[in-house]
Structures are given as C-alpha cells and as structure tokens.
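Read off the chains here:
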Amino acid sequence: MKSVYLKFLLLIGCFFIAASGWAQVKKVSGTVTDESNNHLSGVSIIIQGKTEGTQTIADGTYSIDVAPGDVLNFSFVGYSSQKVKVENSAIINVILHVSTDKLGEVVVVGYGTQNRSNVTTSISKLDNNVLASTPRANIGSALQGTISGLQVVNATGQPGASPVIILRGGASINNPGGPLVVIDGVIR
C-alpha cells in the first residue's frame, strides 16, 4: 500500500514539473522610443493571437508576461506598428518609426473621431498664425472675427474682464452655448 502511495505521489510530482516546463511564462520589459530617442507613452503592446496586452507608461517603459515564441505587436497612432518575436531575452527595447502615409487629417469630436472627409457638419479650423500675428489682451478678443458663428461679448466694461464666448447659437434657455476652450493643454 505504501509503495502504491509513493508511486502516485511521484507521478503527481512529475506531472507538475512537466507542466511548469510547458508553461514557462516570463516577464518581459523594455522601453519604446521614436527615431529621435524620445520616450513614447500610451503605446499599445498586444500579444498576437491572444487578448492580453499592456501600454507604456509616461517614461516609455512597459512590462508584460509572455511565453517564449509569443509575438508582441507594438502600435501607436502616427507610427508604423512593429512585431517582435519573444526569444530568451527579458528586455526588449523597440524603436517606432513615423508613418505619415496612413495619417490623414483627423477631427476629434465629443463622442469619437472622424476623418475630415467624412464630416458633413460645420467644423471651423483656426490657424495658429492668425493668433500670433497681433498681440491681444485676452483670448476672446484674439478670436473675435476669426471663426464664423463665434460671438465674443464683453459683459462688463471693466479692464481685464474675461469676455463671454458663444459658439453657434447661444439661444438656449438652459445653456448659453459656451465652448470648451483648451489652450496648450489647459482648459480655460
């Protein structure tokens, strides 16, 4: 009886050792940069044929658990995607190259993104050279007369007071129609 029990434990032990050898998952990490050696954050890294993946953080680094033989697909908007086969290395650094042939003019709307050719509604675009050409007291006076449907109203005559910006309408009772203004990444 003791011999049968010992053989059974030995068989179970061999099974676990073999299973750990089959599923050798290891951690791979690295850095993703562009051609100028700038770190890219938000690069998608997907294991090809699987649903697992990750993204690079602010300093361009990533870490993902993979098996030997897996293929990592690195993709980022405006750059050519790159596939790298995982060998025995624990560090995989990738350089992504700019791809201008696939990047058309993209319009960001409140509920998604559209190509400019597919948009049928009214979209206005202001060239930054218009704002740089003359100094203005505030952004409202700089925008005045540059975009169709934009009204800049000075509510008070006080110097330095911010004007009210109304974009295409403003006739609603509940909402005056003020646009979201983002300047250099800061909401104003």
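Our subject is the structure that appears above.
Overview of the structure. (Residues numbered from 1 in each chain as written. Predicted model: local features only at pLDDT ≥ 70, side-chain atom pairs only at ≥ 80, totals over all residues. Heavy atoms only, no water.)

## Some points on the packing of aromatic side chains
Ring pairs (aromatic) are described by centroid distance and by the angle formed between their planes. In this structure the tally under the stated criterion is two aromatic pairs. Centroid distance Tyr62 to Phe74: 5.6 Å. Interplanar angle 75°. Geometry classified as edge-to-face. Taken as a pair, Tyr62 in strand 4 (residues 61-66) and Phe74 in strand 5 (residues 71-75) lie far apart in primary sequence, 12 residues in all. Across the pair, Phe74 and Tyr62 agree in class, each one buried. Both rings, one in Phe76 and one in Tyr79, keep their centres 5.6 Å apart while their planes meet at 35°; by these two values the pair is tilted. (Phe/Tyr/Trp six-rings, centres within 6.5 Å; stacked < 30°, edge-to-face > 60°. Helix = DSSP H or I, 4+ residues; strand = E, 2+ residues; numbered from the N terminus. Buried < 20%, exposed > 50% of the residue type's maximum accessible area, 1.4 Å probe, protein only.)

## Description of the environment of Phe76
Within the secondary structure layout, Phe76 lies in the loop between strand 5 and strand 6 (82-85). The class of Phe76 is partly exposed, set by a relative accessible area of 27%. Sequence spacing of Phe76 and Ile45 is 31 residues, and the spatial spacing of their C-alpha atoms is 9.1 Å. Each residue touching Phe76, except ones within four places of it in the same chain, is listed here: Leu40, Ser41, Gly42, Val43 and Leu96. (Contact = heavy atoms within 4.5 Å.)

## As for the pairing of strand 2 (residues 44-47)
Here strand 2 shows a buried face lined by Ile45 and Ile47 and an unburied face lined by Ser44 and Ile46. Pairing of strand 2 with strand 3 (residues 53-55) involves three bridges; the strand directions are antiparallel. In the strand pairing of strand 3, Ser44 is matched with Gln55. Joining the antiparallel neighbours strand 2 and strand 3 is a turn of five residues, in which Gly49 adopts a positive phi near 85°. (Pairing = 2+ DSSP bridges.)

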